[in-house]
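So the chains spell out like this:
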Amino acid sequence: MSEYQYYEFTAIDKPLNEKEMKALRNLSSRAQITPTSFVNEYHWGDFKGNPLKLVEKYFDAFLYLANWGTRWMMFRVPRNLVDVDLVKKYCPGDSAVIHEKGDHVIFEFTSETDDYEWEEGEGWLSSLISLRADILHGDYRSLYLAWLFCVQMEEMEDDELEPAVPPNLAELNAPLKSFVDFMRIDTDLIAVAVETSSSEDRHTDPKALKIWIHNLPAKEKDDILFRLVEAPSPHLGAELKQRFRQTVSTTANSKSGNQLRRVKDLISRAETYAEERKRRAAEQKAKARARKKKERALAREKYLKSLAGREDSIWEKVDENIVLKKAAKYDEAVKLLVDLRDLNKKTGKEKAFKQKLKTICEKHRRKVSFLNRLQKAGLGS
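Throughout what follows, the structure given in this document is the object of discussion. (Residues numbered from 1 in each chain as written. Predicted model: local features only at pLDDT ≥ 70, side-chain atom pairs only at ≥ 80, totals over all residues. Heavy atoms only, no water.)

Among the eight residues that make up strand E7 (residues 104-111), seven are buried, leaving the element largely enclosed by the rest of the structure. Two strands pair when backbone bridges link them, and strand E5 (residues 71-78) and E7 are joined in this way by eight bridges, in the antiparallel orientation. Along E7, the bridge assignment pairs tryptophan 72 with threonine 110. Two elements, strand E6 (residues 96-101) and E7, share six bridges in a ladder whose sense is antiparallel. Within E7, the position partnered with alanine 96 by the bridge is phenylalanine 109. From the end of E6 to the start of E7, which pair antiparallel, there are two residues, and glycine 102 there has a positive phi angle of about 60°. (Buried < 20%, exposed > 50% of the residue type's maximum accessible area, 1.4 Å probe, protein only. Helix = DSSP H or I, 4+ residues; strand = E, 2+ residues; numbered from the N terminus. Pairing = 2+ DSSP bridges.)

Written out as structure tokens, the structure is:
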């Protein structure tokens, strides 16, 4: 099997100009390059560029996937729109790293495994890209999940404390679920982590926002309008909403009174949770099997009752099927004989059944294939 590598870069805040696209073309003659993207697949050879440097200079998002189990992605965000001191705590290991590059910070996430199957890279980044906007709006759930993956990969000391647990961690939307899948994060670990995550309504109150805007100093409003008209920023709205939220409330990062947990306690709790989950699943399967067994028994009971009074015609049908000397007919005859055996057992006529079966076997003693089928069905002598 040939190797497979997939590279995808996306520019969100600012499109590439002609000079930048030309510089990127020098790195690859085969890549698909547009003002907002750079995509290339390799089945032999490798990419000449440095993805981290390209993200630092040109792009806001990057995703890489290789068929030997490597998954890698990056997001670049404006430094002034994140709590740098806090986000650093979410990226403490080799699997989650933060790079401070001038006016930006770059989040880098890596997942490696030896247990992999061939898969394509196309479509992954589009399912994850909105997580960058969530980070810009103060939703750090993806970053906490990345920290959990560092725990899973044993990249921290046992006594290290978790960072603040973001609200609404128990409500993972589609992009967050894709992130869990992409990074291969243990869902049992996530289930334990959400136990101290609060629920919070992050929708902006329009009335409160209008009051806040109304109370801004006139000069500040003028500066905002000037930026909007003369030097538009793709994140002006996010910046203002962030300021608004900081004035009306403090983000509830964890439930009141809950202390941050140690790494070893999370791991231990996740192991216990996994055992409990497997036990519950086994119990549910056992109950389902018992229910199906009971349903089959009731259906069998009803079916056998429907045969009562028709025994003679069924015996005739058995003989007719055997005489035809066909495999399918032999099977049908054996099935009817099993029905007759069970019916006669319920009505106390087992002796009569055995005698008739013996007569059938003697009559067709040369039909070896049929007799073998009787043996397999437990009806042989």
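Turning our attention to the nonpolar core. Judged by nonpolar contacts, the single largest core of 55 residues is most densely connected at Tyr90, Phe107, Phe109, Tyr144, Leu145, Trp147 and Phe179. Sorting elements by how many residues they give to this core places helix H6 (residues 141-152) first, with nine residues. With 22 residues, the next largest nonpolar core counts Leu24, Phe47, Leu54 and Tyr58 among its residues. (Core = buried A, V, L, I, M, F, W, Y, C linked by side-chain atoms within 4.5 Å.)

Moving on: the state of the cysteines. Using the criterion set out here, one finds zero disulfides in the structure. Free cysteine cysteine 150: the closest other cysteine sulfur is in cysteine 91, separated by 7.4 Å. (Disulfide = S-S within 2.5 Å.)

Bringing the pairing of strand E1 (residues 5-10) into the picture now. Successive side chains on a regular strand alternate, one facing one side of the sheet and the next facing the other. Across the six residues that make up E1, a large majority, six, are buried. Side chains of E1 alternate between two faces, with Gln5, Tyr7 and Phe9 and Tyr6, Glu8 and Thr10 buried alike. Bridge analysis of E1 against strand E3 (residues 37-42) gives six bridges, and the strand direction is antiparallel. In the sheet register, threonine 10 faces E3, and the bridge partner there is serine 37. Two strands pair when backbone bridges link them, and E1 and strand E4 (residues 61-66) are joined in this way by six bridges, in the antiparallel orientation. What sits directly across from glutamine 5, in E4, is alanine 66.

Moving on, we get to helix H15 (residues 350-363). Helix length check: H15, at 14 residues, gives a terminal C-alpha distance of 20 Å against a target of 20 Å (1.5 Å per residue), a fit within 8%. Of the residues making up H15, those classed as buried are Phe353, Leu357, Ile360 and Cys361. When H15 is viewed along its axis, its buried side chains cluster within an angular range of 95° and face the same direction. Opposite the buried face of H15, by more than 90 degrees, sit the exposed residues Lys351 and Lys363. Tucked inside the fold, the buried residues of H15 contact helix H13 (311-323), helix H14 (327-347) and helix H16 (368-376). (Expected span 1.5 Å × (residues − 1). Arc of directions from axis to C-beta. Contact = heavy atoms within 4.5 Å.)

Counted under the stated rule, the structure contains 24 salt bridges. Across the pair glutamate 100 and arginine 79 runs a salt bridge, and its minimum N-O distance is 2.6 Å. Here glutamate 100 is found in strand E6, whereas its partner arginine 79 is found in the loop between E5 and helix H3 (84-89), with 21 residues between them in sequence. On the accessibility criterion, arginine 79 (29% relative accessible area) is partly exposed. (Salt bridge = Lys/Arg side-chain N within 4 Å of Asp/Glu carboxyl O.)

Geometry only, nothing functional implied.
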